[in-house]
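Coordinate analysis (summary)
One letter stands for each residue in the lines below.
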Amino acid sequence: MWLDHPRNPDSPLAGLKVVELARVLAGPYAGQVLADLGADVIKVESPEGDGTRAWGPPWVERAGPDGKTRREAAYYHSCNRGKRSITADFRDADDLARVRELCRGADVLIENFKTGSLARFGLDYASLAPGNERLVYCSITGFGQTGPRAHEAGYDFVIQGMSGFMSLTGEPGGPPVKMGISISDLATGVWAVNGIQAALLMRERIGRGQHVDMSLMDCSIALLSNQATYHFTTGENPPRMGNAHAQVAPYGVFPVKDGHVILAPANDGLFHKLADLLGRGDLSEDPRFEHNGERVANAAALDAEIAAATAGWTKAALLDACHAAGVPAGPINRLDEVFADPQVTARAMKVDLGGMAGVRSPFTFSGARLALDRPSPLLGEHDPEE
């Protein structure tokens with residue numbers, strides 16, 4: 001049987017059985033996190049496969065069990081590690097029956113079809129729950145299962161705009177800018193894992209599962225945090241600040257001889273330390289800059305003074321001086337620099353499985369380990385296990 005594949009017994013979610021009826025990013029990312037935590041995740045794909053298998057370049061080539069080389073997009077491998085893949089056409093009665101049987105033995109089901117789409121196949125929560133009352137069924141959609149937009153499709157870029165993210169991102173006076181990652185999709189995947197595990201814990205108390213309704217829009221708005229409370233408190237819309245901070249100064253990106261550094265002295269004491277190490281102790285005595293409130297009010301003038309002082313330093317020298325003084329500071333790394341960083345290397349954030357590199361889920365346990373034992377599956381790789 002497809003589900004009889006327990007994984008590493010010392011992983012936190014060993015023995016958890018997950019069916020993934022999801023594609024692209026938010027749903028598969030949630031499935032990958034559960035797989036990293038040790039769950040046995042069965043990815044059910046259409047005969048054509050998850051669309052991201054074709055989202056290249058860049059491409060990854062590898063040999064299948066038949067010895068033939070297959071080419072798939074690197075994008076697909078970013079969110080499908082650790083799973084098994086089977087194919088099923090829901091319009092085929094035999095395939096549909098097999099998927100329903102699979103769901104009857106599952107602990108968790110993740111799906112990201114448009115609201116109501118799976119009901120016509122009997123794969124919605126209302127249809128499956130009577131045959132598996134312990135099932136935790138997680139739906140991921142653009143706008144959720146209720147509300148006037150419930151039946152609309154949701155896309156990360158659109159949600160970044162609608163949720164307020166883009167109104168906050170970019171330079172003052174410049175155009176709104178999306179984030180460099182699919183933050184709405186990825187955040188929804190992370191929130192979904194939290195919701196699923198909360199429902200699993202509740203299941204241990206009450207003996208039954210439930211429907212977890214996750215929305216890209218809800219999850220994105222939930223990340224507004226202090227920017228939302230700024231709006232609620234003042235009635236105003238927070239401005240785009242570029243690399244600056246609305247409540248702390250100095251706090252931003254400053255020039256050095258060989259690039260730029262980030263300086264983030266977030267209180268009076270740290271600012272005074274920064275001024276001293278820059279040889280500008282006079283800034284601490286300037287009434288415009290003595291306390292954070294005054295510094296925020298005079299941020300443009302202060303930033304100009306700090307920039308003039310940092311411009312004479314090299315990146316390494318300034319960062320070393322800041323670290324020695326306890327002033328928060330850091331470089332702006334390219335990805336090659338990120339994965340060469342000794343701290344990142346020590347934490348083993350990059351993993352290699354089956355000749356493919358990826359980024360592990362960021363959990364470190366004292367009494368458990370992640371199940372990093374299986375690369376992303378080929379399309380239908382595990383069909384013969386039926």
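Up top you'll find the structure we're talking about.
This is a predicted model, so every value here is computed, not measured. Once a new chain begins, its residue numbering starts again from 1 and follows that chain's sequence as written. Confidence filtering applies because this is a predicted model: local features only for residues at pLDDT of at least 70, side-chain atom pairs given and counted only at 80 or more, and all residues used for totals across whole chains, interfaces and linings. Think of the side-chain values as coming from all heavy atoms in the structure, minus any hydrogens and water.

Section: the environment of Gly-105
You can see Gly-105 is positioned in the loop between α3 (93-104) and β6 (108-111). Classification of Gly-105 by relative accessible area gives partly exposed; the value is 37%. With 202 residues separating them in the primary sequence, Gly-105 and Ala-307 have C-alpha atoms 62 Å apart. For the purposes of this entry, the term helix denotes a DSSP run of H or I that reaches at least four residues, the term strand denotes a run of E that reaches at least two, and both are numbered from the N terminus. Only protein chains enter the accessibility calculation, which uses a 1.4 Å probe; a residue whose area is less than 20% of its type maximum is buried, one above 50% is exposed, and one in between is partly exposed.

Considering the side chain of Gln-160
Here Gln-160 shows up in helix α5 (residues 156-162). In protein, a polar contact means a hydrogen-donor-capable atom and an acceptor-capable atom, both N or O and within 3.5 Å, with residues adjacent in sequence counting only if both atoms are side-chain atoms; elsewhere, any N or O pair within 3.5 Å suffices. A polar atom in the side chain of Gln-160 sits 2.9 Å from the backbone nitrogen of Met-179.

Considerations on the nonpolar core
Only buried residues count toward a nonpolar core, which is a set of Ala, Val, Leu, Ile, Met, Phe, Trp, Tyr and Cys residues joined through side-chain atoms within 4.5 Å. By size, the foremost hydrophobic cluster in this structure holds 29 residues, and its most contacted members are Val-18, Leu-34, Val-108, Ile-110, Ile-140 and Ile-196. Elements with a contribution of two residues or more to this core: α1 (26-36), β6, β7 (136-141), α7 (183-206), β8 (211-215) and α8 (216-222). One finds Val-19, Ala-88, Leu-118 and Phe-121 within the second-largest nonpolar core, a separate group that totals 20 residues.

A look at the layout of surface pockets
In this structure, the largest pocket spans a volume of roughly 700 Å³. The definitions used throughout rest on a 1 Å grid laid over the protein atoms alone, on which a cavity is an enclosed set of points accommodating a 1.4 Å probe that cannot get out and a pocket is an open set flanked by protein within 12 Å on both sides along at least five of seven lines; lining residues are those having an atom within 4 Å of a point. Leu-25, Tyr-29, Ser-78, Leu-186 and Val-359 are, among the 28 residues lining the largest pocket, the residues nearest its centre. Counting residues per element, the lining of the largest pocket draws most heavily on strand β13 (residues 356-359), at four residues. Broken down by class, the residue content of the lining of the largest pocket amounts to 15 nonpolar, eight polar and five charged. Grid points are joined across faces, edges and corners, and a volume is the space filled by probe spheres set on the points. Under the convention adopted here, Pro, Cys and the residues Ala, Val, Leu, Ile, Met, Phe, Trp and Tyr are nonpolar, Asp, Glu, Lys and Arg are charged, and Gly plus all remaining residues are polar.

Section: the packing of helix α10 (residues 268-277) against helix α14 (residues 315-325)
To obtain each axis, a line is fitted to C-alpha atoms, and for helices this fit is confined to the stretch in contact; angles are then taken between N-to-C directions over 0 to 180 degrees. The geometry of α10 relative to α14 is characterised by a closest axis approach of 10 Å and an angle of 135° between their N-to-C directions. Taken together, the axes of α10 and α14 lie oblique to each other. As α10 packs across α14, the resulting crossing turns out to be right-handed. Residue-level contacts link Lys-273, Leu-274 and Leu-277 of α10 to Leu-318, Ala-321, Cys-322 and Ala-325 of α14. A breakdown of the residues in the contact of α10 with α14 according to their chemical character gives six nonpolar, no polar and one charged. In this scheme, roughly parallel covers angles under 35 degrees and roughly antiparallel covers those over 145, while 65 to 115 is roughly perpendicular and the rest are oblique. Each helix crossing is assigned a hand: it is left-handed if the near helix lies turned anticlockwise from the far helix by less than a right angle, otherwise right-handed if that turn is clockwise. What makes two residues a contact is simply this: any of their non-hydrogen atoms within 4.5 Å.

What about empty space enclosed by the protein?
Inspection of the entire model under this criterion finds one cavity of 30 Å³ or more. In this model, the largest cavity occupies a volume close to 80 Å³. Every residue along the wall of the largest cavity is listed here: His-77, Arg-81, Val-351, Leu-353, Met-356, Ala-357, Gly-358, Pro-375 and Ser-376. Contributing elements (two or more residues each) for the lining of the largest cavity: β12 (350-353) and β13. Residues of the lining of the largest cavity, tallied by class, amount to five nonpolar, three polar and one charged.

What to know about the sheet that holds strand β1 (residues 17-21)
At least two bridges found by DSSP between two strands is the condition for calling them paired. In spatial order, the strands read β5-β2-β1-β6-β7-β8; together these six strands make up an open sheet with parallel pairing. Lying at the two open borders of the sheet, with one neighbouring strand each, are β5 (83-87) and β8. On average, each strand axis in the sheet is inclined to that of its neighbour by 20°, with strand direction left out of account. By the bridge criterion, four bridges tie β6 to β7 in an arrangement that is parallel. Bridging across to β7, Val-108 finds its partner in Val-136.

Focus: the packing of aromatic side chains
What counts as a ring pair is set by centres within 6.5 Å for rings of Phe, Tyr and Trp (its six-membered ring), and what kind of pair is set by the plane angle: stacked under 30 degrees, edge-to-face over 60, tilted for all other angles. Going through the model one piece at a time under the given rule, you end up with five aromatic pairs. Look at Trp-55 and Tyr-75: their rings are 5.0 Å apart centre to centre, the planes differ by 70°, and that puts the pair in the edge-to-face class. Taken together, the positions of Trp-55 in the loop between β2 (40-45) and β3 (59-63) and Tyr-75 in helix α2 (residues 74-77) put the pair 20 residues apart, joining distant regions of the chain. Given a relative accessible area of 44%, Trp-55 falls into the partly exposed group. Linked through ring pairs, Phe-90, Phe-113 and Phe-121 together constitute an aromatic cluster. The ring of Phe-113 carries Arg-23 above its face, with NZ or CZ at 4.1 Å from the centroid. Any Lys NZ or Arg CZ found within 6 Å of a ring centre and within 35 degrees of that ring's normal is scored as a charge over the ring.

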